[in-house]
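# Summary of the model geometry
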Amino acid sequence: MDGEEFSDLLSSLLDVSQRATPGELPDLVRDTTRKLGLLDAVIYLADLQQMRLTPLAGVRAGVPAPGAVGGEAAGLAVDGTLAGWAYRTGATELASGSELVMWVPLVDGAERIGVLRLIAPAMDATTLEQCQSLAALVAKVVMSKAGFSDMLLRSIRTQPMTLQAEMAWAFMPPRTIGTRSVTSSAVLEPAYEIGGDAFDHSLTARSLHVTVVDAMGHDLASGLCAAVALAGCRSTRRSGGDLTDITATVDEALNEWLPERLLTAIFADLDVETGDLSWVNCGHPAPLLIRRHHVVADALRRDAQLPLGINPHHAPRVPNVIHHAQLEPGDRILIHTDGVTEARSDTGEQFGEERLIDTVVRATAAGEAAPEALRRLVRGILDHHHGHLRDDATILLAEWHPRSEQTADSAA
């Protein structure tokens, strides 16, 4: 298919998908790929914990529903399959046999959402490029409907979700965001039972803002506490407030509306042009600096100030100290809650900071992107705890990777 015909084909898919229901998307994509000369197409979405890839159900007879028994209809493991390798690496994978099967990553911006399986009679460079462009559009269409479709959300869940977890995920942004200069990625477990942990990250033209909070307890009030913290942070940030204003707003809101609840937090800003990192630590574990595949000992360790929400009598809070550090290109900042290092095995052994550092360093040395490094890290934590955590464990990994000309301009 020539370029103009292919452009018209994508335009038609985009136009029809605007009013299509989520259940009609698999059939629309299948019809489009057949016009492209391919034999079949199936959309696979990663589950919430990024352990399996499940086919999205279509409305026509004969299209397998997620969770159906037998074969690939039951889903594919992210680890140990070619489909999972495409998801993990972000690279298109081909398998030849009686049919030519292609696994194309589905990525919305920097957020991995699944893979598109395509079956073709043959493949050349032009068709490969067109298949990758099709996958990019499919990812955008799927995500455009994910915010209001219970069907799509059910397809990526493997178990019921608690009320506080439902509220927390509703408040949190995509797990991964990024530009050519910076990437921020986060994971949170136990995904279906989280209580008081939450994260946030946001980009402007010049800065990346990240937040990690850990509210006391593991109940609905804990989830509400975390939600109030994220809302206070966003409201202040979007009104032009700085890190000191954010901590004051969150502290005041907690003391007024949830007077017997407290939370620890790190609020941080990264200037993506200069690499200047500034942060406030309210009773939280210190961030870690990963440089050239090694954790720089105590590089970001500063005296933490009091947690937020422990001033019910509204006495003036001591202004928070804003800490600063200068990053180098390629540096990664890891922020975690205490549920990561304090996770215990059945024998009582803590996961610990040393094991955390070792896992992160090995993933970094292997050249893995931040989302995959975190996915592997949280799998290690869950394996240590035999699949179930007693406390929330949240990890956020931000990487500064400026373009070379950008770094040169900053140094001039």
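## Details of the overall build of the chain
- Looking only at helices and strands, the chain features 12 helices and 17 strands.
- The globule rule puts the C-alpha radius of gyration for 412 residues at 22 Å, and the 23 Å found for the chain is close to it.
- By its C-alpha atoms, the chain is 70 × 55 × 45 Å across when sized along the principal axes.
- Residues classed as buried in the chain amount to 53% of the 412 residues present.
- If you take every contact in the chain between residues at least 6 apart in sequence, the share linking residues at least 24 apart comes to 68%.
- Accessible surface, the chain as shown: approximately 18,200 Å² in total, 54% of it carbon and sulfur.
- A gap of 3 Å separates the mean positions of the 34 positive and 55 negative side-chain charges of the chain.

## Here's the deal with the packing of aromatic side chains
- Under the defined criterion, the tally for this structure stands at one aromatic pair.
- Ring plane angle 70 degrees and centroid distance 5.5 Å describe the contact between Y44 and W103, whose orientation is recorded as edge-to-face. Placement of Y44 in strand β1 (residues 40-46) and of W103 in strand β5 (residues 100-108) is noted, with a sequence separation of 59 residues between them. Of the two residues examined, Y44 and W103, each falls in the buried class.

## Some thoughts on a negative patch on the surface
- Together, D2, E4, E5 and D8 give the surface a local cluster of negative charge.
- Within the secondary structure layout, D8 lies in helix α1 (residues 3-17).
- Accessibility expressed as a relative area gives 48% for D8, which makes it partly exposed.

## Observations concerning the sheet that holds strand β6 (residues 111-120)
- Pairing is antiparallel in the open sheet, where six strands are placed in the order β3-β2-β1-β6-β5-β4. If you trace the sheet from one side to the other, it starts and ends with β3 (76-77) and β4 (93-95), each paired once.
- For strand β2 (residues 52-55) and β3, the ladder comprises two bridges, and the chain directions are antiparallel. What sits directly across from R52, in β3, is A77.
- Against the sheet, helix α4 (residues 125-146) contacts β1, β5 and β6, and its axis sits at roughly 45 degrees relative to β5.

## Side note on the pairing of β2
- Two strands pair when backbone bridges link them, and β1 and β2 are joined in this way by three bridges, in the antiparallel orientation. The partner of A46 across the bridge, within β2, is L53.
- Between β1 and β2, which pair antiparallel one after the other, the connecting turn spans five residues, and Q50 there sits at a positive phi close to 60 degrees.

## Re the packing of α1 against helix α2 (residues 25-35)
- Put simply, α1 and α2 touch, their axes get as near as 11 Å, and they point 165 degrees apart. Classified by the angle between their axes, α1 and α2 sit roughly antiparallel to one another. As α1 runs across α2, the sense of the crossing is right-handed. Between α1 and α2, the residues in contact are L9, L13, V16 and S17 and L25, L28, T32 and K35, respectively.
- Its residues assigned to classes, the contact of α1 with α2 shows five nonpolar, two polar and one charged.

## Side note on helix α11 (residues 370-384)
- The end-to-end C-alpha distance of α11 is 21 Å, a good match for the 21 Å that 15 residues give at a rise of 1.5 Å each.
- When α11 is considered as a whole, its buried residues turn out to be A370, P371, E372, A373, L374, R375, L377, V378, R379, I381, L382 and H384.

## What about the sheet that holds strand β16 (residues 332-336)?
- One open sheet holds the six strands; their spatial order is β7-β8-β17-β16-β13-β14, and the pairing between them is antiparallel. Lying at the two open borders of the sheet, with one neighbouring strand each, are β7 (176-178) and β14 (294-295).
- Summarising the sheet, strand β13 (residues 288-291) and β16 pair through three bridges and their orientation is antiparallel. Note on β16: the bridge partner recorded for L288 is L334.

About the criteria used
- Residues numbered from 1 in each chain as written.
- Predicted model: local features only at pLDDT ≥ 70, side-chain atom pairs only at ≥ 80, totals over all residues.
- Heavy atoms only, no water.
- Helix = DSSP H or I, 4+ residues; strand = E, 2+ residues; numbered from the N terminus.
- Rg over C-alpha atoms; globule rule 2.2 N^0.38 Å.
- Buried < 20%, exposed > 50% of the residue type's maximum accessible area, 1.4 Å probe, protein only.
- Contact = heavy atoms within 4.5 Å.
- Areas by Shrake-Rupley, 256 points an atom, 1.4 Å probe, with all protein chains shown as cover.
- Lys, Arg positive; Asp, Glu negative; His and termini not counted.
- Charge placed at Lys NZ, Arg CZ, Asp CG, Glu CD.
- Phe/Tyr/Trp six-rings, centres within 6.5 Å; stacked < 30°, edge-to-face > 60°.
- Patch = residues over 30% accessible without salt bridge, like charges linked within 9 Å, V, L, I, M, F, W, Y side chains within 5 Å.
- Salt bridge = Lys/Arg side-chain N within 4 Å of Asp/Glu carboxyl O.
- Pairing = 2+ DSSP bridges.
- Axes fitted to C-alpha atoms, helices over the stretch in contact; angles between N-to-C directions.
- Parallel < 35°, antiparallel > 145°, perpendicular 65-115°, else oblique.
- Left-handed = near helix turned anticlockwise from the far one by under 90°.
- Nonpolar A, V, L, I, M, F, W, Y, C, P; charged D, E, K, R; others polar.
- Expected span 1.5 Å × (residues − 1).

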